[in-house]
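# Fold and geometry: a report
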Amino acid sequence: MFLDISTRRPADYIRKRLPSMYHQFMELAGVDITKEPMEVGPTCHYVMGGVRVEADTTQSTIKGLFAAGEVAGGMHGSNRLGGNSLSDLLVFGRRAGLYAALYAKDFGGTLAVDSGQVADATRAMLAPFERAAGGENPYSIQSDLQETMQTLVGIIRRESELVEAIKRIGLLKARARNVRVDGHRQYNPGWHTALDLESLLTVAECSAMAALERKESRGGHTRDDHPYTDDTWGKVNVVLRLKEGRVQVSREPLPEMPAELKALFQERK
Amino acid sequence: MPAYRMQVFRGDGRGGEFTEYRVSVDPGMVVLDVIHRIQATQAPDLAVRWNCKAGKCGSCSAEINGKPRLMCMTRMDLFAEGEPISVAPIRGFPPIRDLVTDVSYNYVKAKQVPPLRIKPPEPDGTYRMMQEDIDRIQEFHKCIECFLCQDVCHVIRDHEENKRAFAGPRFFIKLAGLEMHPLDTVDRSAFVKDAAGVGLCNITKCCTEVCPENIHITDNAIIPLKERMADEFFDPVVWLLRRFRARKKQPA
């Protein structure tokens, strides 16, 4: 697929308004986008879903855990518009810091740290060093996960592929339990990849399950088998929770839009 | 058949050596892609700092065949198959591990720079700036803080003792941008001369040569700063005028 701006805008304008794009295509591909079309392809750019937070304080459903930015869900609806991530970070980053500080300040009593839990976490983190030879290379699992998500949970989705993706992610999770790394603990990217796998697999599983649940097309989510936007789906969020070691899916109503915002939308119409 | 010979520095603060990896290379790959391929297939513990893969974050600075460059913007088709290609950490900073160095010197220097303090708005509540004043400093804002200019600067590259009183090219463009800012009110002359040590630079232009953003560091930032220092501190006419004024101000 090609994108061509050379026939739409003068060269000076392109160099001035898209300096990075001009520079990157020139340096990395030898393509002058002021003169010729550029080859483009789809990639994962932003995750609209994320940790459920309370909008005013950014506190998650776990007390004392605050989330802001791309890791938090709900801010951008079904598709983030270009440039909105920066204002999201500024507004909610400030709120997160402010309310986390207030939370810490108001925290009464003593904080009991479960040393058994800490020891378990340490053991789990160091386990990849101790596994016997023949364990899995973390990079192979990461690469297979990328392949699975790119082909099956990509731009155009359909039920059969999402079901297949969830099955494959399950197999990858089993392989990840046998991941092995070598070497030291300072700046060891293989080890970091091994530790990241759990999060990568969790996010992948949640994305695929939520995409399977939402039987409509909306924003960044396009279902080949449900190509239309459905108003009833516009009133709910798909929520995923870990229960007894399994991810469970539910639909929960969106908060009602405050009257003053509704009035603004009415005016626009 | 793996055909490219990548000689990558492996080691830490105590020392190390180059290890050769033979890697197959696909069309369009850059050095950072090859380093990642080595990680994924041969050396999972090879330490490297990187983020954007697009020449915008300034994390993947290294010395490739001895030349300071961004790994993500160095195309593999620059090199011939079969000839050794060396990838070393930037030598101007203390090594941590493999290709990762401790660049905290730069953050210490960054904190010392007196920040922008803009003058009050005009009576109608707005600010007015000439476009050419903005265009002049816009170039300096392109800096991605890869610190390749700091790495190559011979004032500090082999002279640890100069680091104390020398800010380096990255901060000369920062200072030039602030000093040329049409709304700024801070006088940084003493800072530029003493703490930043602009006088130590003898304009060999190595920094300009390695800048991945093609900022004219020497011509557009360092030389104007040097000229300003000369005017402020070393111009005999200004010196005389100052003495004259100072005497007049003294009470009789």
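None of these values were measured; they are calculated from a predicted model.

Across its full length, chain B carries 10 helices and 7 strands. Whereas a compact globule of 252 residues would reach a radius of gyration of roughly 18 Å, chain B reaches 23 Å, over 25% beyond that. If you line up chain B on its principal axes, its C-alpha atoms span 90 × 45 × 25 Å. For chain B, the residues scored as buried account for 45% of the 252 residues in total. Long-range contacts, defined as pairs at least 24 residues apart, comprise 62% of the intrachain contacts of chain B with a sequence gap of at least 6. Per element, the accessible surface of chain B, about 13,400 Å² overall, is 54% carbon and sulfur. Charged side chains in chain B number 36 positive and 34 negative. The centres of these two groups are separated by 5 Å.

With that out of the way, let us pick up the pairing of strand S3 (residues 61-64) of chain B. Residues and elements named next belong to chain B. Residues of S3 alternate between two faces, with Ser 61 and Glu 63 on one and Ala 62 and Ile 64 on the opposite face, all of them buried. Sheet analysis places S3 next to strand S4 (residues 67-70), joined by 4 bridges and oriented antiparallel. Each residue of the ladder has a partner; that of Ser 61, found in S4, is Leu 70. Counted along the chain from S3 to the antiparallel partner S4, the turn is 2 residues long, and its residue Asn 65 has a positive phi close to 50°.

The next subject is the interface of chain A and chain B. The interface of chain A with chain B comprises 18 residues on the first partner and 17 residues on the second. For the pair chain A and chain B, the summed buried area comes to about 1,600 Å², and 53% of that belongs to carbon and sulfur atoms. Of all residues in chain A, Leu 28, Tyr 139 and Tyr 187 of chain A give up the largest surface area on contact with chain B, accounting jointly for 37% of the area buried on that side. There are 0 salt bridges connecting chain A and chain B. The leading source of residues in the side of chain A that touches chain B is helix H2 (residues 19-29) of chain A, at 7 residues. Of the residues in the side of chain A that touches chain B, the class split is 6 nonpolar, 10 polar and 2 charged.

Further remarks concern the side chain of Arg 170 of chain B. Secondary-structure assignment places Arg 170 of chain B in helix H6 (residues 169-179). Setting aside chain neighbours within four positions, we find Arg 170 of chain B in contact with Cys 143, Glu 145, Phe 147, Cys 149 and Gln 150 of chain B.

Residue and element names in this part refer to chain A. On the surface, a cluster of nonpolar side chains totalling about 390 Å² of accessible area is made up of Leu 86, Leu 89, Leu 90 and Val 91. Here Leu 86 lies in helix H3 (residues 84-106). Leu 86 gets classed as exposed once you look at its relative accessible area, which sits at 57%.

About the cut-offs
- As a convention, each chain's residues are numbered from 1 in the sequence order in which they are written.
- Chain A is the first chain written and ligand 1 is the first ligand written, with later ones labelled in order.
- In keeping with the model being predicted, local features are shown solely for residues with a pLDDT of at least 70 and side-chain atom pairs are shown and tallied solely at 80 or more, while totals for entire chains, interfaces and linings include all residues.
- Values shown for side chains rest on all heavy atoms present in the structure; no hydrogens or waters enter the calculation.
- Each helix corresponds to a stretch of at least 4 residues labelled H or I by DSSP, and each strand to a stretch of at least 2 residues labelled E; elements are numbered beginning at the N terminus.
- Atoms counted for the radius of gyration: C-alpha only. Globule rule: 2.2 Å times residue count to the power 0.38.
- When a residue's accessible area, from a 1.4 Å probe over protein chains only, is under 20% of the maximum for its type it is buried; when over 50% it is exposed; and in between it is partly exposed.
- Contacts were defined at the residue level, with two residues in contact if any of their heavy atoms lie within 4.5 Å.
- The Shrake-Rupley method, run with a 1.4 Å probe, gives the accessible areas here. Residue values count only the displayed protein chains as cover.
- Counting rule for charge: Lys and Arg are taken as positive, Asp and Glu as negative, and neither His nor the chain ends is counted.
- Where a charge lies is defined by one atom per residue type, namely NZ (Lys), CZ (Arg), CG (Asp) and CD (Glu).
- DSSP bridges decide pairing: two strands pair if at least two such bridges lie between them.
- Note on definitions: buried area is the accessible-area loss of two parts on being combined, 1.4 Å probe, summed for both.
- Here a salt bridge means any side-chain nitrogen of Lys or Arg lying within 4 Å of a carboxyl oxygen belonging to Asp or Glu.
- For this classification, Asp, Glu, Lys and Arg are treated as charged, while Ala, Val, Leu, Ile, Met, Phe, Trp, Tyr, Cys and Pro are nonpolar and the rest, including Gly, are polar.
- Two distance rules govern patches: like charges are joined within 9 Å, and nonpolar side chains (Val, Leu, Ile, Met, Phe, Trp, Tyr) within 5 Å, applied only to residues with over 30% relative accessible area and no salt bridge.

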